[in-house]
Amino acid sequence: MATNETGKLKLMQGSRIIGWGAALPDKVITNQDFEGRLETNDAWITERTGIKERRYGGTTSSLAVEAAQKAIASAGLAPEDIGMLILSTTTPDKTVPATSSTVQAELGLSCGAFDLNAACAGFVYALVVGHNMIQSGLKNVLVIGSDTLSRITDQEDRATAVLFADGAGAVVLQASEDNAVLGWDLGVDGSLVPILYCEHGGYMRMEGREVFKRAVLAMVDSAHLALGRAGLTPDDIALVVPHQANIRIIEAANRRLGIPMERTSIVLDTTGNTSSGSIPLALAAAADKGALHPGDNVLFCGFGAGMTWASAVVRWDI
Ligand code: COA
């Protein structure tokens, strides 16, 4: 039961996803809503990002709780069955304590809980950590991605205001003799902190073009590494669930990977970039509409501030 340092899995006990859930705030902000107060318009935002609307509201913990309750119910479990909670977030409700403490109490869990921050790659980081905790003996791990980026977005900055938003998603991982987490890759290039960051009490600051370029490269390299470790090729992937930052980033990465957009889950047109929430929201949307079938290989692929990246290949096994 071990992983070597490259992330190639050699296991006795593995894990699989057995439930999922999502949560979005009620308040819809359309592209037109920005037109009156910023020098921007629906056509520019749609063409350059693919985003048409996004949601603002709630707190990181309230969205996390809603998504997690759905995930636990869809897994057919009760709160006492959960052996660990990992909350991926880059917008904690408080500096201290971790937001996972609030979520743990509101869900009625009695297990350990901690926050993990790897920005927009955080959900996949958390998924891999959860999987490894199951390899260490846990039975059920709740993995949540939740962010309220609207709180740290400068509404006067047209380059970021139109992108970032709020949302959450969750999955339950369960121990399985037939491992479904087939390969993964986690990485960071800390020299790229200056291209995307937020100081305490400040707003997100971004060099958009640089982030765009690096994101495509990181997604493609990381996806290839995770696929290689899974012993699979892009042709084996039934569905890509990428970080929902910009449709052009996803299209560019898919082109390089040789995966058509039809095999890709997209929700960013209605959610914007919800950071940790984005990948589990896109997974939940696909699962809710029956787009995933037992045996399907799913490629999760994220990138974010740090600059972080993370990919995982998971066989859908529900
Ligand atoms: N509406 C209208 N014009 C805008 C605008 C908006 N909302 N935002 C930026 N512009 C302007 C710029 O000011 C610039 O104007 P200038 O030429 O007069 O200086 C022009 O559009 C082109 O800017 P540029 O940054 O080169 O555009 P772009 O095609 O790269 O698109 C982003 C900008 C932000 C959409 C794009 O770079 C992007 O998505 N980058 C990645 C961001 C990201 O995903 N961050 C999160 C990572 S987790």
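The present account deals with the structure reproduced in this document.

## Things to note about the sheet that holds strand 15 (residues 308-315)
Sheet strands associate in pairs through backbone hydrogen bonding, adopting either a parallel or an antiparallel arrangement.
Part 1 of the reasoning: Spatial strand order, 10-15-14-13: four strands in an open sheet with mixed pairing. With partners counted over all chains shown, the strands left at the sheet margins are strand 10 (181-188) and strand 13 (239-242), one partner each. With direction set aside, neighbouring strand axes in the sheet form an average angle of 10°.
Part 2 of the reasoning: Pairing of strand 14 (residues 297-304) with strand 15 involves eight bridges; the strand directions are antiparallel. When the sheet's bridge partners are listed, leucine 299 is paired in strand 15 with valine 313.
Part 3 of the reasoning: Along the sheet, helix 7 (residues 208-230) makes contact with strand 10, strand 13, strand 14 and strand 15, crossing strand 10 at roughly 145°.

## Topic: the site of the ligand
Part 1 of the reasoning: Around the ligand, 24 residues are found, and the nearest of them are Thr40, Arg48, Arg158, Arg209 and Asn246.
Part 2 of the reasoning: One nitrogen or oxygen atom from the side chain of arginine 209 is found 2.4 Å from an oxygen atom belonging to the ligand.
Part 3 of the reasoning: A distance of 2.7 Å separates an oxygen atom of the ligand from a polar side-chain atom of asparagine 246.
Part 4 of the reasoning: Here the ligand has 940 Å² of accessible area as a free molecule, and 75% of this is covered by the chains.
Part 5 of the reasoning: The set of elements that each furnish at least two residues to the shell around the ligand consists of helix 2 (42-49), helix 6 (158-161), helix 7, helix 8 (247-257) and strand 14.
Part 6 of the reasoning: It is helix 7 that contributes the most residues to the shell around the ligand, four residues altogether.
Part 7 of the reasoning: A per-class count over the shell around the ligand returns twelve nonpolar, seven polar and five charged.
Part 8 of the reasoning: No fewer than three residues from each of domain 1 (10-176) and domain 2 (181-315) sit in the shell around the ligand.

## Observations regarding unusual backbone geometry
Part 1 of the reasoning: The omega angle of the peptide bond from valine 96 to proline 97 is 0°, so this bond is cis rather than trans.
Part 2 of the reasoning: Along the polypeptide, proline 97 turns up in the loop between strand 6 (84-88) and helix 4 (99-107).
Part 3 of the reasoning: The linkage connecting glycine 306 with the following residue, methionine 307, adopts the cis geometry, with an omega of -10°.
Part 4 of the reasoning: Locating methionine 307 in the fold gives a position in the loop between strand 14 and strand 15.
Part 5 of the reasoning: Of note, alanine 119 is a non-glycine position whose phi angle comes to about 50°, a positive value.
Part 6 of the reasoning: Assignment of secondary structure puts alanine 119 in the loop between strand 7 (112-116) and helix 5 (122-135).

## So, the pattern of salt bridges
Part 1 of the reasoning: Scanning all chains against the criterion turns up ten salt bridges.
Part 2 of the reasoning: Between aspartate 185 and arginine 229 there is a salt bridge whose closest N-O contact spans 3.3 Å. Taken as a pair, aspartate 185 in strand 10 and arginine 229 in helix 7 lie far apart in primary sequence, 44 residues in all.
Part 3 of the reasoning: Looking at arginine 229, the relative accessible area reads 19%, which means it is buried.

## Considerations on the packing of aromatic side chains
Part 1 of the reasoning: Under the criterion given, the structure shown has one aromatic pair.
Part 2 of the reasoning: Ring geometry for tryptophan 20 versus tryptophan 316: centroids 5.6 Å apart, planes at 50°, classification tilted. Of this pair, tryptophan 20 sits in strand 3 (residues 14-23) while tryptophan 316 sits in the segment after strand 15, placing them 296 residues apart in sequence. Residue tryptophan 20 shares its accessibility class with tryptophan 316, and that shared class is buried.

Basis of the calculations
- Residues numbered from 1 in each chain as written.
- Predicted model: local features only at pLDDT ≥ 70, side-chain atom pairs only at ≥ 80, totals over all residues.
- Heavy atoms only, no water.
- Pairing = 2+ DSSP bridges.
- Helix = DSSP H or I, 4+ residues; strand = E, 2+ residues; numbered from the N terminus.
- Axes fitted to C-alpha atoms, helices over the stretch in contact; angles between N-to-C directions.
- Contact = heavy atoms within 4.5 Å.
- Near = heavy atom within 4 Å.
- Polar contact = N/O pair within 3.5 Å; in protein donor to acceptor, adjacent residues only side chain to side chain.
- Areas by Shrake-Rupley, 256 points an atom, 1.4 Å probe, with all protein chains shown as cover.
- Nonpolar A, V, L, I, M, F, W, Y, C, P; charged D, E, K, R; others polar.
- Domains from an automatic or database assignment.
- Salt bridge = Lys/Arg side-chain N within 4 Å of Asp/Glu carboxyl O.
- Buried < 20%, exposed > 50% of the residue type's maximum accessible area, 1.4 Å probe, protein only.
- Phe/Tyr/Trp six-rings, centres within 6.5 Å; stacked < 30°, edge-to-face > 60°.

Nothing here speaks to function; it is geometry throughout.
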